[in-house]
Amino acid sequence: MKLSRQFTVFGSAVFCVVIFSLYLMLDRGHLDHPKSPRREGTFPKGQLSILQEKIDHLERLLAENNEIISNIRDSVINLSESVKDGQKNPEAINLSASELFSSASVFLAVDSEDCLFASKSGSHGSDVQMLDVYDLLPFDNPDGGVWKQGFDITYNENDWDSEPLQVFVVPHSHNDPGWLKTFDDYFRDQTQHILNNMVIKLQEDNRRKFMWSEISYFSKWWDGIDSQKKDAVKRLIKDGQFEIVTGGWVMPDEASAHYFALIDQLIEGHQWLEKNLGVKPKSGWAVDPFGHSPTMAYLLKRTGFSSMLIQRVHYSIKKHFAMQKTLEFFWRQNWDLGSGTDILCHMMPFYSYDVPHTCGPDPKICCQFDFKRLPGGRVSCPWRVPPEAIHAGNIQHRAWMILDQYRKKSKLFRTKVLLAPLGDDFRYAESSEWDQQYQNYQKLFDYMNSHPEWHVKAQFGTLSDYFEALRKESNLDEKTSNSFFPVVSGDFFTYADRDHHYWSGYFTSRPFYKRLDRVMESYLRAAEILYSMALVQSSKSEKMSVFPSVDNYKLLTEARRNLGLFQHHDAITGTSKDWVVVDYGTRLFHSVMNLKKVIIDSAHILILKDKSAYNYDTRTPFLKMDDVQSSQDFLPHKTVIKLTSQPRYLHQEKIVYIVQKRFAEGKGLEGQSLEVSNIVDIRGEYNRELAMRISSDINSQNRFYTDLNGYQIQPRLTLSKLPLQANIYPMTTMAYIQDAGFRLTLHSAQSLGVASLKNGKYKVGIEPSDEAALILHRKGFDCRFSNRDMGLLCSTTQGKVGIEPSDEAALILHRKGFDCRFSNRDMGLLCSTTQGKVGIEPSDEAALILHRKGFDCRFSNRDMGLLCSTTQGKIKVHKAFNKFRVESLTPASLSLMHSPPDARNISEINMSSMEINTFRIRLR
């Protein structure tokens, strides 16, 4: 009886909290609180402010939702603890919040192996750790001769006597979905002509090959061509002349993009390819993102890829890898204690992916073999030595010239298989270029191959052709060891292409659009959750026709693709021209509501609406200043956090700078947080940079930590041998510093750049209209988010991205899905509908994507009500969907392209820490 009464009281309390919270939310929905600090100050009018106002309203709704959940969580924790403390009946001690909130998984004590996860992580099994490489290299940049950033390469002409050099020349065209022109303008002016010519020119000679990456462009072109041309494309793919590489919607940025969005655009592209072409890409191709993240390597591995290529890496790193012959390596995740995440990666050694920097170390020579630059054309060689058309009189000399470059380049690698890309941005748009490149190169190949004493076999190829030959040459297959190639762990940020030209500014550029991306991503996922639930539920009802499933699916698909387009490395980065950025924003921001907000600086206002007058007293203090310095004591240990904002520019112009700080009330995570909002009047300002500095007494010892794509944590070192701009790193969602007793964490509302230039200090690069939250926890941080190698959750709450109530899941809301309300901390869940057979209707199955996070148990949070618990990676799926019946559940690759040969229907899922697994699920 005691147990039942307590259970009733407990449940009633929770119910009351829910109802009261909902009442508050509805009450706020009627009328925004007149003293909201967001309404005060001055701000420029116009389209930008209107968009910001709408985003603010959306954020407030989510913030209120999170507040409700937070209240429930705190009540549950308090009640469950009081029951445990005061209950003499042994049976009642088993009552816990987790039992009430979830029956989908069994809550277990944190396993010792889970706690050892963080301490064991750190790439102990890697041959090369990038953090060590950065610490080792002098970054002195001496003149390397013709290869300015490298060194002189020599070889012995007899090196290939026993085994010939295999050369694969890979024609490609890099098509940015927006940069100097908008997506549609590029398609109209160049891209459609490239693909049209591809169909014609590849059919003229079956030795010709070509490669394509961006499905956003390819799908648009496909929708406009006739069936005859479509059949020709399918034949070219089947014959191996035309290859799709990576197959994502775009070639995404790898610094600012969240891993939800990275997965989403991969799935969108792969699903389109499978439904329309029956194609399953095998290799990754990333020649233009400004630095490379291991998160992308992991996602490609989980999609079923065995190999990938990267290009934009710091020139000193390239030189070091070239000298060590480690330009081809197995890229392993920092947290992987085995080799399960290894993927074979090829790093291009030279400055660029254009023709002058791909055939060999001397761009003056290689440029002469870019036959688009023949005299009389619109493009010439900067080295002032033009190409020559190949003919009988010069073929011997010209063939030897390029073979010499091939041989020198091959000396940087461990095998006698060589990759030589042949392309550049928007190449092969004109029919004449196809003839110039293919005809001249074929003459060179024929000549070289007809001279066995040269010991070379040269041909056109695709990326898969190259990797297949490479694996054969090195005797690599899925069952052999990886000893032939080294194992590398870490990331390749921050990128510099030459001198001190570090590409760190884009980590922060156009923060409004970076924030818009994060908000739209969250709301799209929320919409698709509702859609998926309605779709399954409507199938049970005779009123199916009431639910417009196809129309809604088309709208969701359009929104998904627009969001995917924005993950492009010239979109979310902010590196496109102004008019292109406006085009991206137009695509992202769909009409949601008609919201009007006016920011004022008066204490009293009068609102007239429908001939009625409403009086408000808006007196709420706010800061208006040029320099802001403040400090705040965080109890119970009085660790001082000093926030300093100094918007001082080159000429010391006066501007209005508003800093808003808000302390959350209550216990737990929110009760220990400080939310900081920075609002800057940028009228009259152009191309300015701001930095917010956060100081503390934490002894960070010149080391700090940033997240990579919201998925994992990467340790960083501040190196005095590098300039300031080189010591700034991408922070997609968070960064922290720590010592033996404390961890200080910064969560941002959008991706930014971050540095820790002195012991105990952060310097966060921001631009106007930005938000961030500073989080400090007693003796550490919530085990879900503060472990070294955790996964992070994107959220739209203001300045609290990545923070979820401690009794709820870190929910991965990706594309379409169900919120299954897991109450564990180490498992995130997503259900996503898939495209139907013709790609315009939803499928009757969904993609269930699970991410199990890793633990760091070194910091305790029991005194804050943050209790670490675990499922130990075990999920009983049939209990997760208690309103539906799980008809089938089978494993699949991340983007659903592949299923294991032994795939069977399962009812329980077992996962290792940090892994992302995908399952096909059918509900009824």
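Just so you know, these numbers come straight off a predicted model, no measurement behind them.

Analysis parameters
- Residues numbered from 1 in each chain as written.
- Predicted model: local features only at pLDDT ≥ 70, side-chain atom pairs only at ≥ 80, totals over all residues.
- Heavy atoms only, no water.
- Helix = DSSP H or I, 4+ residues; strand = E, 2+ residues; numbered from the N terminus.
- Contact = heavy atoms within 4.5 Å.
- Areas by Shrake-Rupley, 256 points an atom, 1.4 Å probe, with all protein chains shown as cover.
- Axes fitted to C-alpha atoms, helices over the stretch in contact; angles between N-to-C directions.
- Parallel < 35°, antiparallel > 145°, perpendicular 65-115°, else oblique.
- Nonpolar A, V, L, I, M, F, W, Y, C, P; charged D, E, K, R; others polar.
- Buried < 20%, exposed > 50% of the residue type's maximum accessible area, 1.4 Å probe, protein only.
- Polar contact = N/O pair within 3.5 Å; in protein donor to acceptor, adjacent residues only side chain to side chain.
- Core = buried A, V, L, I, M, F, W, Y, C linked by side-chain atoms within 4.5 Å.
- Left-handed = near helix turned anticlockwise from the far one by under 90°.
- Pairing = 2+ DSSP bridges.
- pLDDT = per-residue confidence, 0-100.
- Disulfide = S-S within 2.5 Å.

Along the protein, the regular secondary structure elements total 20 helices and 32 strands. Expressed as a percentage of contacts within the protein between residues at least 6 apart in sequence, the contacts between residues at least 24 apart total 74%. Surface accessibility of the protein: about 36,900 Å² in total, with carbon and sulfur atoms responsible for 52%.

What follows deals with the packing of helix H6 (residues 183-204) against helix H7 (residues 215-222). Between H6 and H7, the shortest axis-to-axis distance is 10 Å and the interhelical angle comes to 70 degrees. Taken together, H6 and H7 sit at an angle that is classed as roughly perpendicular. Between H6 and H7, the residues in contact are Phe-183, Asp-184, Tyr-186, Phe-187, Thr-191, Gln-192, Leu-195, Asn-196, Met-198 and Val-199 and Ser-216, Tyr-217, Phe-218, Lys-220 and Trp-221, respectively. Here the contact of H6 with H7 is composed, by residue class, of nine nonpolar, four polar and two charged.

Burial runs high along helix H10 (residues 294-302): seven of the nine residues are buried. Along H10, the residues classified as buried are Pro-294, Thr-295, Met-296, Ala-297, Tyr-298, Leu-299 and Leu-300. Of the residues that open H10, the one with a side-chain oxygen 3.1 Å from the backbone nitrogen of Thr-295 is Ser-293. Positive backbone phi, at 110 degrees, marks Gly-304, one or two positions downstream of H10.

A few words on the nonpolar core. Among soluble globular proteins, nonpolar side chains are generally buried collectively. In this structure, Phe-218, Tyr-406 and Met-448 are the most contacted members of the largest nonpolar core, which totals 84 residues. If sequence neighbours within four positions are ignored, Phe-218 has contacts with Leu-195, Trp-212, Val-233, Phe-242, Trp-272 and Leu-277. Counting residues in hydrophobic clusters, the runner-up holds 53 residues, among them Leu-300, Leu-327, Ala-496 and Leu-722.

All right, on to the packing of H6 against helix H8 (residues 227-238) then. At a closest axis distance of 10 Å, the pairing of H6 and H8 adopts a crossing angle of 55 degrees. When the interaxial angle is binned, H6 and H8 end up oblique. Considering only the axes of H6 and H8, their crossing is left-handed. Of H8, the residues touching H6 (which contributes Asn-196, Met-198, Val-199, Leu-202 and Gln-203) are Lys-229, Ala-232, Val-233, Arg-235 and Leu-236. Grouping the amino acids of the contact of H6 with H8 by side-chain chemistry returns six nonpolar, two polar and two charged.

The next point concerns the sheet that holds strand S7 (residues 328-332). Pairing in this open sheet of six strands is mixed, and the strands run S1-S11-S7-S8-S6-S5 from one edge to the other. In this open sheet, the two strands that pair with only one neighbour each are strand S1 (128-129) and strand S5 (283-286). Inspection of the sheet shows S7 paired to strand S8 (residues 343-347) by four bridges, in the antiparallel sense. Note on S8: the bridge partner recorded for Phe-330 is Leu-344. Its contacts with the sheet place H10 against S5, strand S6 (307-310), S7 and S8, and it is angled at close to 130 degrees to S8.

Okay, the confidence of the model for the protein next. On average, residues of the protein score 77 in pLDDT, and 67% of them are at 70 or above. Here residues 1-45 is modelled with pLDDT under 50, and outside its nearest four sequence neighbours on either side it reaches 68 contacts, counting other chains as well. Below a pLDDT of 50 lies the segment residues 613-641, which in the model reaches 94 contacts outside its immediate sequence neighbourhood of four places, other chains included.

Mapped onto the elements of the fold, Arg-427 is located in the loop between strand S9 (417-425) and helix H14 (431-449). C-alpha separation for the pair Arg-427 and Thr-191, spaced 236 residues apart in sequence, amounts to 8.9 Å. Excluding residues that lie within four positions of it along the chain, Arg-427 makes contacts with His-172, Ser-173, Ile-194, Asp-370, Lys-372, Arg-373, Glu-433 and Gln-437. A distance of 3.1 Å separates a polar atom in the side chain of Arg-427 from a polar atom in the side chain of Glu-433.

A word on the state of the cysteines. Throughout this description, disulfide means a covalent bond between two cysteine sulfur atoms. Evaluated as defined, the whole model comprises two disulfides. Put simply, Cys-359 and Cys-366 are joined by a disulfide, and their sulfur atoms are 2.0 Å apart. Its torsion about the S-S bond being -90 degrees, the disulfide of Cys-359 and Cys-366 is classed as left-handed. Side by side, Cys-359 and Cys-366 carry an identical accessibility label, which is buried.

Our focus in this paragraph is unusual backbone geometry. Of the consecutive residues Phe-493 and Thr-494, the connecting peptide bond is found in the cis state with omega at 5 degrees. Inspection of the secondary structure assignment puts Thr-494 in the loop between strand S11 (487-489) and helix H16 (511-538). Phi angles above zero are rare outside glycine, and Arg-510 is one such case at about 50 degrees. The residue Arg-510 is located in the loop between S11 and H16 in this model. By relative accessible area, which is 23% here, Arg-510 ends up partly exposed. Backbone geometry at Asn-702 places phi at a positive 65 degrees, although glycine is not the residue there. For Asn-702, the position within the fold is in the loop between strand S18 (690-695) and strand S19 (703-708). Look at Asn-702 and you get partly exposed, because its relative accessible area is 35%.

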